[in-house]
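Observations on the three-dimensional arrangement
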Amino acid sequence: MALHSAIKGKLISVIGDEDTCVGFLLGGVGEINKNRHPNFMVVDKNTPISELEDCFKRFVKRDDIDIILINQNYAELIRHVIDAHTAPIPAVLEIPSKDHPYDATKDSILRRAKGMFSADDLVGVNRG
């Protein structure tokens, strides 16, 4: 199935708690590539930060992954690695978990977008 998907398009990967991963897997996101590496990682309280970093770096290097979804609370643990990733693909999207609501002030993409526009850009729109 993974080879068939790679021919048709790119994958979404997930780094998250068990509930998040199960939800996306039930939605059909789960794949295992020809090297038997999954496109998801279930994280719990005992998962070392180094393992999170290694998984994220593996997903970034894979040419069959275009989007990395990561629970925001886990993204905070490896923020330095996420901020070092500046390429547009794979896109890194931070999502809430059941136990940790989304906080826009911590989202790396929103922080980058705010740096691209000034208040004058948003106010000076011609409505005319």
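Residue numbers here run from 1 along each chain, matching the order of that chain's written sequence. For a predicted model such as this one, the threshold for reporting local features is a pLDDT of at least 70, and the threshold for listing and counting side-chain atom pairs is 80 or more; totals across whole chains, interfaces and linings nevertheless cover every residue. Side-chain measures were taken over the full set of non-hydrogen atoms in the model, leaving aside hydrogen atoms and water.

Under the convention used in this document: UniProt positions are given in the numbering used here, feature names are shortened, and annotations may be inferred rather than shown by experiment.
The protein has the name V-type proton ATPase subunit F in an unreviewed UniProt entry, where Clunio marinus is given as its organism. In the Sequence similarities (unreviewed entry) part of its UniProt record, the protein is described as follows: "Belongs to the V-ATPase F subunit family."

1. Focus on the pattern of salt bridges
The cut-off we apply is this: Salt bridges are defined as contacts in which a side-chain nitrogen from Lys or Arg sits within 4 Å of a carboxyl oxygen from Asp or Glu. Partly exposed describes any residue whose relative accessible area lies between the buried limit of under 20% and the exposed limit of over 50%, with all areas from a 1.4 Å probe on protein chains only and scaled to the type maximum. By the criteria applied, helices consist of DSSP H or I runs no shorter than four residues and strands consist of E runs no shorter than two, each listed in order from the N terminus.
This model, assessed by the stated rule, comprises four salt bridges. Here Arg 62 makes a salt bridge to Asp 64, at a shortest N to O gap of 2.9 Å. Residue classification places Asp 64 among the buried positions, given a relative accessible area of 13%. Close ionic contact of Glu 94 with Arg 79 constitutes a salt bridge, the shortest N to O distance being 2.6 Å. Taken together, the residues span a long stretch of sequence, with Glu 94 in strand 4 (residues 91-95) and Arg 79 in helix 5 (residues 79-84) at a distance of 15 residues. By relative accessible area, which is 6% here, Glu 94 ends up buried. Each member of the salt-bridge network shares a partner with another, and the members are Glu 76, Arg 79 and Glu 94.

2. Quick notes on the environment of Pro 90
Quick reminder of the rule: Throughout, a contact is declared for two residues whenever any of their heavy atoms are within 4.5 Å.
Considering the arrangement of structural elements, one finds Pro 90 in the loop between helix 5 and strand 4. Taking C-alpha positions, Pro 90 is 9.9 Å from Lys 10, a pair spaced 80 residues apart along the chain. In contact with Pro 90, not counting residues within four places along its chain, are Phe 59, Val 60, Ile 65, Asp 66, Ile 67, Ile 68 and His 85.

3. Quick notes on the side chain of Thr 20
Of note, Thr 20 is situated in helix 2 (residues 18-26). Given a relative accessible area of 11%, Thr 20 falls into the buried group. If sequence neighbours within four positions are ignored, Thr 20 has contacts with Val 14, Asn 71, Ile 95, Pro 96 and Ser 97.

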